[in-house]
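# Inside the fold
Spelled out, the chains give:
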Amino acid sequence: MKKSIVILFLILANLFWAGNYIFGKYVVTELSPIQLTFTRWLIAVFLLFPLAQWIEKPDWKSVWKAWKLLLVMGVLGIISYNFFLYWALTYTTSMNAALVNSMNPALIVLFSALLLKEKISSLHSLGLIISLFGVLLVLTKGHLLDIFQLTYNKGDLLMILAILVWTFYSIIGKKLKNIPIISATAVSVFLGLILIAPFAIGSGMNLDLSSKAIIGLLYIGIFPSVGSFIFWNISLRHINAGQAGIYLNLIAVFTAILNLILGHAITTIQTLGGLLVFLGVYLTSKKKKADPSAVTKNM
């Protein structure tokens, strides 16, 4: 797959996830984190299986042979990450949640180096630092020292759990190279739903939702749940997990852009921070010219 296509998929995945933060904030006021997680994936599963059959026409028997690994993926990426994210938003501010989330790329790079033996070049390290600095500018509105004045509460700790879960999800996803992407995602979602269904239903589902919550729920069930996961897992088969992780910093930038569309002002500092994030992502996506085999292997 062409490098430009991989980058496009990573950008789209994070654009859809940014919308998850915005719409999730509305829906979580009417549905509990576990109910929102369950309903989100219930919508998605009815799209994933037909898409998998239509596009990939997989040998379902061979897909189900990897059920143990897909179950782990379901527990991590389908249930745990989303549950901790929505739970965190009930306790902490969006600024704190986004700030903690900005640590995710660094964790993926670190654990990829430790567990997958992925090399971290000086250029990639520079890109990571620049991108992280841009995120901090966006989140603190240029007052970088504010990072040391934040009081971390239960929600902040839950966000740390969420990004740890996503780190391992991304790394484990590298082991699914022989399974069609959409099919693997569909099965992992199905297995995750089986596990979480008793808890969601037992908690008492709220069916009296506002129109705003319904629209948000439909968005979350389609774009972040189907689009982002497919694009993300496709990308992980053509790029290192550490390199893909740096693109998660785009979530903060896209969230700012979406807020602008919704009528919220964007400051000069936020614009500068966004440009630094894009610069960092660009540097991290660069390959070493002296190692053409690496390009063939990763792209």
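Under the annotation held in an unreviewed UniProt entry, the protein carries the name Transporter, EamA family and is attributed to Peribacillus simplex. UniProt, in its Sequence similarities (unreviewed entry) section for the protein, records the words "Belongs to the EamA transporter family." Of the comments in the UniProt record for the protein, the one headed Subcellular location (unreviewed entry) reads "Cell membrane".

Below, the discussion takes up the environment of Leu76. Inspection of the secondary structure puts Leu76 in helix H4 (residues 67-89). Leu76 gets classed as buried once you look at its relative accessible area, which sits at 17%. Each C-alpha atom, one on Leu76 and one on Ile172, is 9.7 Å from the other, the two residues being 96 residues apart in sequence.

Here we come to the side chain of Ser228. When you line up the elements, Ser228 lands in helix H10 (residues 211-236). Assessed through its relative accessible area of 0%, Ser228 is described here as buried. Side-chain polar atoms of Ser228 contact the backbone oxygen of Ala13, separated by 2.7 Å.

Between H4 and helix H9 (residues 181-202), the least distance of the axes is 8 Å, while the angle of their chain directions is 70°. Considering their axes alone, H4 and H9 lie roughly perpendicular with respect to each other. Here H4 runs over H9; the crossing is right-handed. The segment H4 lies against H9, with Trp67, Leu70, Leu71, Met73, Gly74, Val75, Ile78 and Ile79 engaging Ala184, Val187, Ser188, Val189, Leu191, Gly192, Leu195 and Ile196. Tallied by class, residues from the contact of H4 with H9 come to 13 nonpolar, 3 polar and no charged.

Another aspect to go through is empty space enclosed by the protein. Per the counting criterion, the structure on display carries 2 cavities of 30 Å³ or more. Size it by volume and the largest cavity reaches roughly 80 Å³. Leu70, Met73, Tyr169, Gly173, Leu176, Ile181, Ala184, Thr185, Ser188, Asn233, Leu236 and Arg237 are the residues that line the largest cavity. When residues of the lining of the largest cavity are traced back to their parent elements, those giving at least two are H4, H9 and H10. In terms of residue count, H9 provides more of the lining of the largest cavity than any other element does, 4 residues in total. For the lining of the largest cavity, the class distribution of residues is 7 nonpolar, 4 polar and 1 charged. Estimated volume of the second largest cavity: approximately 60 Å³. Looking at the second largest cavity, the residues that line it are Trp17, Tyr81, Asn101, Asn104, Trp166, Leu248 and Ile251. When its residues are assigned to classes, the lining of the second largest cavity shows 5 nonpolar, 2 polar and no charged.

On to a nonpolar patch on the surface, then. Where nonpolar side chains cluster on the molecular surface, the patch consists of Leu47, Ile214, Leu218, Ile222 and Phe223 and spans about 390 Å² of accessible area. Locating Leu47 in the fold gives a position in helix H2 (residues 33-55).

Reading the values: rules and limits
- Residues numbered from 1 in each chain as written.
- Predicted model: local features only at pLDDT ≥ 70, side-chain atom pairs only at ≥ 80, totals over all residues.
- Heavy atoms only, no water.
- UniProt positions renumbered as here; feature names shortened; annotations may be inferred.
- Helix = DSSP H or I, 4+ residues; strand = E, 2+ residues; numbered from the N terminus.
- Buried < 20%, exposed > 50% of the residue type's maximum accessible area, 1.4 Å probe, protein only.
- Polar contact = N/O pair within 3.5 Å; in protein donor to acceptor, adjacent residues only side chain to side chain.
- Axes fitted to C-alpha atoms, helices over the stretch in contact; angles between N-to-C directions.
- Parallel < 35°, antiparallel > 145°, perpendicular 65-115°, else oblique.
- Left-handed = near helix turned anticlockwise from the far one by under 90°.
- Contact = heavy atoms within 4.5 Å.
- Nonpolar A, V, L, I, M, F, W, Y, C, P; charged D, E, K, R; others polar.
- 1 Å grid on protein atoms, 1.4 Å probe; cavity = no way out; pocket = protein on both sides within 12 Å on 5 of 7 lines; lining within 4 Å.
- Points joined across faces, edges and corners; volume = space filled by probe spheres on them.
- Patch = residues over 30% accessible without salt bridge, like charges linked within 9 Å, V, L, I, M, F, W, Y side chains within 5 Å.
- Areas by Shrake-Rupley, 256 points an atom, 1.4 Å probe, with all protein chains shown as cover.
- Salt bridge = Lys/Arg side-chain N within 4 Å of Asp/Glu carboxyl O.

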